[in-house]
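Observations on chain architecture
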Amino acid sequence: MIVIQVLGLPDLTKDNASDFERSLIEAFDTLKPDVYNDTEQVFCSFPKEAERQDLGKKIVVCVSQAHCHNNHSVRTTIAKTLKAAVSQTFPDSLVQCVVDEFNYRQGKYPFEL
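Computed from a prediction, not measured in an experiment: that's the story for all the values here. (Residues numbered from 1 in each chain as written. Predicted model: local features only at pLDDT ≥ 70, side-chain atom pairs only at ≥ 80, totals over all residues. Heavy atoms only, no water.)

1. A word on the overall build of the protein
Counting its secondary structure elements, the protein contains two helices and four strands. Along the protein, helices and strands appear, N-terminal first, in the series β-α-β-β-α-β. When burial is assessed residue by residue, the protein has 33% of its 113 residues classed as buried. Sequence separation of 24 or more characterises 79% of the internal contacts of the protein that already satisfy a separation of 6 or more. As presented, the protein carries roughly 7400 Å² of accessible surface, and 50% of it is formed by carbon and sulfur atoms. (Helix = DSSP H or I, 4+ residues; strand = E, 2+ residues; numbered from the N terminus. Buried < 20%, exposed > 50% of the residue type's maximum accessible area, 1.4 Å probe, protein only. Contact = heavy atoms within 4.5 Å. Areas by Shrake-Rupley, 256 points an atom, 1.4 Å probe, with all protein chains shown as cover.)

2. With respect to the state of the cysteines
Scanning all chains against the criterion turns up zero disulfides. There is no disulfide at Cys97, and the cysteine sulfur nearest it, in Cys62, is 7.8 Å away. For Cys97, a relative accessible area of 15% puts it in the buried group. (Disulfide = S-S within 2.5 Å.)

3. Considerations on the side chain of Thr81
Tracing the backbone shows Thr81 in helix H2 (residues 72-89). Those residues in contact with Thr81, other than ones at most four positions away along the chain, are Ala27, Thr30 and Leu31.

4. Focus on the pattern of salt bridges
One pass over the structure, following the stated rule, counts one salt bridge. Across the pair Asp19 and Arg22 runs a salt bridge, and its minimum N-O distance is 3.0 Å. Here Asp19 and its partner Arg22 are both found in helix H1 (residues 14-29), three residues apart, which amounts to about one turn of the helix. Owing to a relative accessible area of 41%, Asp19 belongs among the partly exposed residues under this scheme. (Salt bridge = Lys/Arg side-chain N within 4 Å of Asp/Glu carboxyl O.)

5. Examining the nonpolar core
With 25 residues, the main nonpolar core has Ile4, Leu24, Val61, Val63 and Leu82 as its most contacted residues. Contributions of two or more residues to this core are made by strand E1 (2-7), H1, strand E2 (42-45), strand E3 (58-64), H2 and strand E4 (94-99). Counting residues per element, this core draws most heavily on H2, which supplies six residues. Leu82 has contacts with Ile4, Leu24, Ala27, Phe28, Val61, Val63 and Cys97, leaving out every residue within four places of it along the chain. (Core = buried A, V, L, I, M, F, W, Y, C linked by side-chain atoms within 4.5 Å.)

6. Some details on the sheet that holds E4
Read across the sheet, four strands follow the order E2-E1-E3-E4 without closing on themselves; strand pairing throughout is mixed. Since the sheet does not close on itself, it has two edges, and those belong to E2 and E4, each with one partner. Taking the axes of each pair of neighbouring strands and ignoring which way they run, one obtains an average angle of 15° across the sheet. In this sheet, E4 lies alongside E3 in parallel orientation, the contact comprising six bridges. Opposite Cys62, over in E4, you have Val98 as the bridge partner. (Pairing = 2+ DSSP bridges. Axes fitted to C-alpha atoms, helices over the stretch in contact; angles between N-to-C directions.)

Written out as structure tokens, the structure reads:
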């Protein structure tokens, strides 16, 4: 399962969070099948920030468990696509997107334990 975690979001209503989640998943789905051909589920998480100062000014999108065969250009395309989707919703925010490398030798496996 691919996990997209978005940090630093301003307070969102339940409807706004649902719409934002849908826009992220739709943006990710546009990558199929050209860049990303996996049919796994995508899970979005918007954790509440303990620090209330400057929320919405800087937003970080972290993508993990993306099986892109450690291909730099695929990770870059995923990052650019999700950054554009977040920037469209929050145009005044500084947005950064990080796509973690997936390496089986580091103890991460695609099955449930």
